[in-house]
Amino acid sequence: MKIISINAGSSSLKFTLFNMDDESVIASGLFERIGMDGSIYSIKYNGEKISEEIAMESHTMAVQILLDKLSALSIIQSLDEIKGVGHRIVQGVDRYFESVLVTDKVIQDIDEIKDFAPLHNPGALKGILAFREVLPDVPMVCVFDTAFHQTMEPETYLYPIPYHWYSDYGVRKYGFHGTSHKYITSCVKDLLNREDFKLISCHIGNGGSICAIKNMKCVDTSMGFTPLAGIMMGTRSGDVDPSIIPYLMEKEGKNASEILDDLNKASGVLGLSECSNDLRDIVKACEEGNEKALLAKNKYVRRIVDYIAQYYVLLGGVDIIVFTAGVGENNVTVRREICEKLSCLGIKIDLDANNVRGKEIMISSPDSSIPVYVIPTDEELMIARDTLKFVNR
Ligand code: ADP
């Protein structure tokens, strides 16, 4: 059975077509610059990549071209083969604690929620409406990045601010990357063959979040009202004192949203190192003696260790720690330094085992107090799995 996972942005649309009989990827691709000059798509299938610049005025046009190409390339013989479409939605606030079938009410909700995720939800909505127009009879499912975190208690998700900011305006911690943390949780369930475990899931990519999970449910997570909070990231600051915002507005002559833009796009690893947001470049620069790169890397590692230590206490001990996403799956140095800083908890890294990229493996030594794993995440597959559940109903 074929299912498509979609991640649509304001001018882009990423897709992965799965054969859910064996969960294999049949084809994947990216449509970019939709509604702009120079719109272009690329499709990967059978080990090949085709790419073409073609006018795409709207998401609907992009979806039409996508389906035409899948047919023309004989990737599908007929549109009827596509049994479901799953959409990644960044923000579902407290209205959605699990994935849902798309209805008019869901579409209206995603539109109403847009103030909470102005950069993400409107783009996702364009993707939903486009597929609705082109494939009106195919069931569609929304998979929310926030849903997995809806099990947090009020003591965790509320900020210590005037209560009515929460009750009137919904200001609270929502958490993100929930689809990835949920996927990792399901992998750990298969690995340990049980559901009663305490897990710290470290999704560290360009964006990053740490999640404390007990008995398959999220207890706490590092991102907050928006994905700006928590650990230090590629270009995002993570947690900082909010008083710096008015101070910098005055000093730099910028408005609040310009400072916020700097905290999102010019901070984190890039901001401190003044050379790159990419941890590969940073590790290399450190080896060449670049002091700002060293400072950025040390701070990056420190912020992750801070959260792991916090969640270790919160969970009352941990059964397993998992690294995932771009840095977590691939950066041998960052993983080693995090584990070394956690040695006071009895964590011991196996340097040979840790010397891997992009595959599932235990990187701790057998006498480590807590097993530490690398598990590649697969948010697209998680979206397809959730979609399949509704198709099967
Ligand atoms: P995003 O949050 O944009 O999805 P990713 O999960 O792709 O980000 O992570 C990007 C980070 O992953 C970069 O800092 C990069 O250094 C790192 N990364 C990705 N691939 C590799 C690789 N093959 N080797 C080392 N680091 C990698």
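The following refers to the structure shown. (Residues numbered from 1 in each chain as written. Predicted model: local features only at pLDDT ≥ 70, side-chain atom pairs only at ≥ 80, totals over all residues. Heavy atoms only, no water.)

The next point concerns the nonpolar core. Nonpolar side chains tend toward joint burial in soluble globular proteins. With 43 residues, the main nonpolar core has Ile 200, Ile 204, Ile 210, Tyr 300, Ile 321 and Ile 338 as its most contacted residues. Elements supplying a minimum of two residues to this core: β9 (198-204), β10 (208-214), α10 (279-287), α11 (291-315), β12 (320-324), α13 (332-341) and β14 (372-374). With residues near it in sequence (within four places) discarded, Ile 210 still touches His 181, Ile 200, Ser 201, Cys 202, Ile 204, Asp 220, Thr 221, Ser 222, Ile 231, Ile 304, Tyr 307 and Tyr 311. (Core = buried A, V, L, I, M, F, W, Y, C linked by side-chain atoms within 4.5 Å. Buried < 20%, exposed > 50% of the residue type's maximum accessible area, 1.4 Å probe, protein only. Helix = DSSP H or I, 4+ residues; strand = E, 2+ residues; numbered from the N terminus. Contact = heavy atoms within 4.5 Å.)

Here we come to the sheet that holds strand β3 (residues 24-32). As summarised here, the arrangement of the eight strands in space is β5-β4-β3-β2-β1-β6-β8-β7, forming an open sheet in which the pairing is mixed. Each edge of the sheet is formed by a strand with only one pairing partner; in this case those strands are β5 (48-53) and β7 (100-101). Seen against the sheet, helix α14 (residues 379-392) touches β1 (2-8), β2 (13-19), β6 (82-89), β7 and β8 (140-144) and runs at an angle of roughly 130° to β6. (Pairing = 2+ DSSP bridges. Axes fitted to C-alpha atoms, helices over the stretch in contact; angles between N-to-C directions.)

This next bit is on the site of the ligand. The environment of the ligand is made up of Gly 205, Asn 206, Gly 207, Asp 278, Leu 279, Arg 280, Ala 325, Gly 326, Val 327 and Asn 330. Residue Asn 206 places a main-chain N or O atom 3.0 Å away from an oxygen atom belonging to the ligand. Taking 580 Å² as the accessible area of the ligand by itself, protein coverage stands at 63%. Those elements that provide at least two residues to the shell around the ligand are α10 and α12 (325-330). Among the elements that take part in the shell around the ligand, α12 stands out by supplying four residues, more than any other. (Near = heavy atom within 4 Å. Polar contact = N/O pair within 3.5 Å; in protein donor to acceptor, adjacent residues only side chain to side chain. Areas by Shrake-Rupley, 256 points an atom, 1.4 Å probe, with all protein chains shown as cover.)

All right, on to the pairing of β1 then. Counting buried positions along β1 yields six of seven residues, so the element is predominantly enclosed. One ladder, built from seven bridges, connects β1 with β2; its direction is antiparallel. Each bridged residue has a counterpart across the sheet, and for Lys 2 the counterpart in β2 is Asn 19. The turn linking β1 back onto β2 is made up of four residues. One ladder, built from five bridges, connects β1 with β6; its direction is parallel. Among the inter-strand pairings, Ile 6 is bridged to a residue of β6, identified as His 87.

Quick look at the sheet that holds strand β11 (residues 217-221) now. Read from one edge to the other, the open sheet built from six strands follows the order β11-β10-β9-β12-β14-β13, with strand pairing classed as mixed. The outermost strands of the open sheet, each flanked by one partner alone, are β11 and β13 (361-362).

Our focus in this paragraph is the packing of aromatic side chains. Within the structure shown, the criterion is met by nine aromatic pairs. Centroid distance Phe 116 to Phe 225: 5.9 Å. Interplanar angle 65°. Geometry classified as edge-to-face. Of this pair, Phe 116 sits in the loop between α2 (104-112) and α3 (121-134) while Phe 225 sits in the loop between β11 and α7 (244-252), and the two are 109 residues apart along the sequence. Judged by relative accessible area, Phe 116 falls into the partly exposed class, the value being 21%. Centroid distance Tyr 163 to Tyr 166: 5.6 Å. Interplanar angle 80°. Geometry classified as edge-to-face. With Tyr 163 and Tyr 166 both in helix α5 (residues 163-169) and three residues apart, the pair spans about one turn of that helix. A network of ring pairs unites the aromatic residues Phe 15, Phe 31 and Tyr 41 as a single cluster. Over the ring of Phe 390 we find Arg 393, and its NZ or CZ is 4.5 Å from the ring centre. (Phe/Tyr/Trp six-rings, centres within 6.5 Å; stacked < 30°, edge-to-face > 60°. Lys NZ or Arg CZ within 6 Å of the ring centre and 35° of its normal.)

Between α10 and α11, whose axes approach to 8 Å, the crossing angle comes to 125°. Taken together, α10 and α11 sit at an angle that is classed as oblique. The element α10 and its partner α11 pack so that their crossing is left-handed. Contact residues: Leu 279, Ile 282, Ala 285 and Cys 286 in α10; Ala 293, Leu 294, Lys 297 and Tyr 300 in α11. (Parallel < 35°, antiparallel > 145°, perpendicular 65-115°, else oblique. Left-handed = near helix turned anticlockwise from the far one by under 90°.)

What follows covers the pairing of β11. Of the strand pairs in this sheet, β10 and β11 are connected by four bridges, and their pairing is antiparallel. Looking at β11, one finds that Ala 212 is bridged to Asp 220. Hairpin connection, β10 to β11: the antiparallel pair is bridged by two residues, and Asn 215 has positive phi, about 50°.

With that settled, the discussion passes to α10. In an α-helix, one full turn covers 3.6 residues, which means residues spaced three or four apart are oriented alike. Buried residues of α10: Leu 279, Ile 282, Val 283, Ala 285 and Cys 286, and no others. Down the axis of α10, the sector holding all buried residues measures 160°, keeping them to one side. Seen from the open side of α10, the exposed residues pointing more than 90 degrees away from its buried face are Arg 280, Lys 284 and Glu 287. As for α10, its buried residues are in contact with α9 (268-273), α11, α12 and α13. Looking one or two places after α10, you find Gly 289, whose phi comes out positive at around 90°. (Arc of directions from axis to C-beta.)

We now examine the environment of Val 391. Turning to its location among the elements, Val 391 is positioned in helix α14. With a relative accessible area of 21%, Val 391 lands in the partly exposed category. The spacing of Val 391 and Lys 2 is 389 residues in sequence and 11 Å in space, taken between C-alpha atoms. If near-sequence neighbours (up to four positions away) are discounted, Val 391 is found in contact with Met 1, Ile 3, Lys 83, Gly 84 and Pro 139.

Owing to a relative accessible area of 26%, Phe 225 belongs among the partly exposed residues under this scheme. Phe 225 has contacts with Gln 91, Phe 116, Tyr 159, Gly 170, Val 171, Arg 172, Lys 173, Tyr 174 and Phe 176, leaving out every residue within four places of it along the chain.

By themselves, these figures tell us nothing about what the structure is for.
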